[in-house]
Amino acid sequence: MKEDFALKKIEAVLTTCLANHLAFYAYKRPNTQQIEIGIQKDLDLLKYTDFADLEGLSGFVMAPFDSNQQHPSWFIRDDFNFSSFNDDEIERLNQYKNTIDEKEQKPIAAQKEDDYFTQIAAFLDELKAGKLEKVILSRIQLEKEISDVKRAALFLQLCQHYPQAFVSFVSLPGVCSWMGASPELLFKSQNSFSETVALAGTMPVYQGCSLEREWGSKEIEEQAFVSDYIERVFKDNAICAYEKIGPYTVQAGQVVHLKTDFKTQADLSFKDKSKIISALHPTPAVCGLPKIKALDLIKRVETHDREYYAGFWGPIHANGECALYVNLRTMKLSKNHLSLFVGGGITADSIPQKEWEETQHKAQTLLSVINKFDAN
Ligand SMILES: C=C(O[C@H]1C=CC=C(C(=O)O)[C@@H]1O)C(=O)O
């Protein structure tokens, strides 16, 4: 009962922010129930090029897959930082209202199935010719209508459905808005520990079926590429002492993945962390190997701009702590619309039909909640 009351308040705060065009972030970390909200009073949003420049700041970052003029990296201040609210605070929020140019944001079109198969064929040509080891192909699953007023409630539903995910909702009025439930940590630094994970390889979860699976060689190899890459980044950054746990099977909504955890107590300055983050991103879980060749192939073959899909987002603190997650199982919210972005790792052994189905399973993370929500 008390919990319902708190959720209603969170919904009221987010709905007020949306109505007043306030820039905000809301998130729930994996394995917690606590929802954090940060609100910036004005629309003077900070673009950054180097993560190291954010040293000493508290707020939230949202970085694109591949930084460009149209899609820069953003930092959102937390002028109001709410983890519990009272009615006065909601009242106080109403003092701040931004006006924005309400030009209709065109929703991004969903991709045709035929286009996906043409694109995967182009990837397979290069992979089979030995030019690359792995590359991630993504697509846009659907465009769907959703009323702006339902967004806060949808975010809360995602928080409830995915306790193990990093569930996040960001709105930058006049710029963009994204919501997702990510299973993948990019980089976390808390107390004296820094962590990252290698997450890749996917199988669907069927009801009544054990989570422990026999993984195929394609999945084992694609996840090992990510692990090896992380170990190279650690080595390049003089991190020799670290704990490596895995690979083991984890569930993420309607799919399971292979995961390896990497934890270190290395003494890292904010600059060191920043160097590691930019070396990790984009990992071979969302881009490919070798990185530059994969990025180039993605840009040549994919017909959409990934924008903030496969970028990263999360809170940072003035004391240098941060918790950044890869923006996966995610959707872009435009006026009365949402567009889901999904992808998967392609290697020379990939079977196109299986890869297509894998993206459909991944899309269920959000779709299963959206559809239930729509029905009510
Ligand atoms: C690129 C995505 O997932 C990545 C993370 C886990 C497993 C993946 C895979 O099996 O292909 C992907 O590398 C996505 O969800 O859009």
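What counts and what doesn't
- Residues numbered from 1 in each chain as written.
- Predicted model: local features only at pLDDT ≥ 70, side-chain atom pairs only at ≥ 80, totals over all residues.
- Heavy atoms only, no water.
- Helix = DSSP H or I, 4+ residues; strand = E, 2+ residues; numbered from the N terminus.
- Rg over C-alpha atoms; globule rule 2.2 N^0.38 Å.
- Contact = heavy atoms within 4.5 Å.
- Areas by Shrake-Rupley, 256 points an atom, 1.4 Å probe, with all protein chains shown as cover.
- Lys, Arg positive; Asp, Glu negative; His and termini not counted.
- Charge placed at Lys NZ, Arg CZ, Asp CG, Glu CD.
- Near = heavy atom within 4 Å.
- Polar contact = N/O pair within 3.5 Å; in protein donor to acceptor, adjacent residues only side chain to side chain.
- 1 Å grid on protein atoms, 1.4 Å probe; cavity = no way out; pocket = protein on both sides within 12 Å on 5 of 7 lines; lining within 4 Å.
- Sits in = over half its atoms within 2 Å of the grid points.
- Buried < 20%, exposed > 50% of the residue type's maximum accessible area, 1.4 Å probe, protein only.
- Core = buried A, V, L, I, M, F, W, Y, C linked by side-chain atoms within 4.5 Å.
- Points joined across faces, edges and corners; volume = space filled by probe spheres on them.
- Nonpolar A, V, L, I, M, F, W, Y, C, P; charged D, E, K, R; others polar.
- Phe/Tyr/Trp six-rings, centres within 6.5 Å; stacked < 30°, edge-to-face > 60°.
- Lys NZ or Arg CZ within 6 Å of the ring centre and 35° of its normal.
- Expected span 1.5 Å × (residues − 1).

### Thoughts on the overall build of the protein
When its secondary structure is counted, the protein shows 8 helices and 18 strands. In terms of C-alpha radius of gyration, the protein reaches 20 Å, essentially the compact-globule figure of 21 Å for 376 residues. If you line up the protein on its principal axes, its C-alpha atoms span 60 × 50 × 45 Å. Long-range contacts, defined here as pairs at least 24 residues apart, represent 74% of the contacts in the protein between residues at least 6 apart. Of the roughly 16700 Å² that the protein leaves accessible, carbon and sulfur atoms contribute 49%. Once the 42 positive and 52 negative side-chain charges of the protein are each reduced to a mean point, those two points are 0 Å apart.

### Points about the site of the ligand
Around the ligand sit 17 residues in total, of which Thr202, Ala285, Tyr309, Arg329 and Gly345 are the nearest. Ala285 is positioned with one of its backbone polar atoms (N or O) 2.5 Å from an oxygen atom of the ligand. Between the ligand and the protein, one listed contact pairs an oxygen atom with a backbone N or O atom of Gly343 at 2.8 Å. For the ligand, whose free accessible area comes to 390 Å², the fraction covered by protein is 100%. Judged by its atoms lying within 2 Å of the grid points, the ligand is housed in the largest cavity. Of all the secondary structure elements, the ones that give two or more residues to the shell around the ligand are strand E11 (193-204), strand E18 (337-346) and helix H8 (352-375).

### Digging into unusual backbone geometry
Geometrically, the link from His281 to Pro282 is a cis peptide bond, its omega value of -10° lying close to zero. Relative to the helices and strands, Pro282 resides in the loop between helix H6 (270-280) and strand E14 (288-289). With an omega dihedral of -10°, the bond running from Leu289 to Pro290 counts as a cis peptide bond. Considering the arrangement of structural elements, one finds Pro290 in the loop between E14 and helix H7 (291-301). Although it is not a glycine, His21 adopts a positive phi angle of roughly 55°. Residue position: His21 is located in the loop between helix H1 (2-19) and strand E1 (23-28). Using a relative accessible area of 19% as the deciding quantity, one classes His21 as buried. For Asn31, which is not glycine, the phi dihedral falls at a positive 60°. Tracing the backbone through its elements, the reader meets Asn31 in the loop between E1 and strand E2 (35-40). Residue classification places Asn31 among the exposed residues on the basis of a relative accessible area of 62%.

### Focus: the nonpolar core
Proteins that are soluble and globular tend to have nonpolar side chains buried together. By size, the foremost hydrophobic cluster in this structure holds 75 residues, and its most contacted members are Phe51, Val61, Phe123 and Leu172. With 6 residues, helix H5 (residues 217-236) is the single largest residue contributor to this core. Excluding residues that lie within four positions of it along the chain, Leu172 makes contacts with Ala23, Leu45, Met62, Trp74 and Ile76. Residues Cys159, Tyr162, Ala165 and Ile370 belong to the second largest nonpolar core, which totals 41 residues.

### Focus on the layout of surface pockets
As a volume, the second largest pocket reaches approximately 600 Å³. What lines the second largest pocket is a set of 30 residues, among which Pro30, Asn31, Gln164, Pro183 and Lys259 lie closest to the centre. At the level of secondary structure, the elements contributing two or more residues to the lining of the second largest pocket comprise strand E9 (176-182), strand E10 (185-190), E11, strand E12 (243-252) and strand E13 (255-264). A per-element tally of the lining of the second largest pocket places E12 first, with 4 residues. Its residues placed into classes, the lining of the second largest pocket shows 14 nonpolar, 8 polar and 8 charged.

### Details of the packing of aromatic side chains
One pass over the full model with this rule turns up 20 aromatic pairs. Ring geometry for Tyr25 and Tyr27: centres 6.1 Å apart, planes at 25°, overall stacked. Residue class for Tyr25 comes out buried when judged on its relative accessible area of 4%. One aromatic cluster is present, formed by Tyr25, Tyr27, Phe60, Phe166, Trp313 and Tyr325 through successive ring pairs. In this structure, Arg139 packs its charged tip against the face of Trp356, placed 3.9 Å from the ring centre.

### As for H5
In this model H5 runs 28 Å from its N-terminal to its C-terminal C-alpha over 20 residues, within 8% of the 28 Å that 1.5 Å per residue would give. When H5 is considered as a whole, its buried residues turn out to be Lys218, Glu219, Glu222, Gln223, Phe225, Val226, Ser227, Tyr229, Ile230, Val233 and Phe234. The first or second residue beyond H5 is Ala238, which carries a positive phi of 60°.

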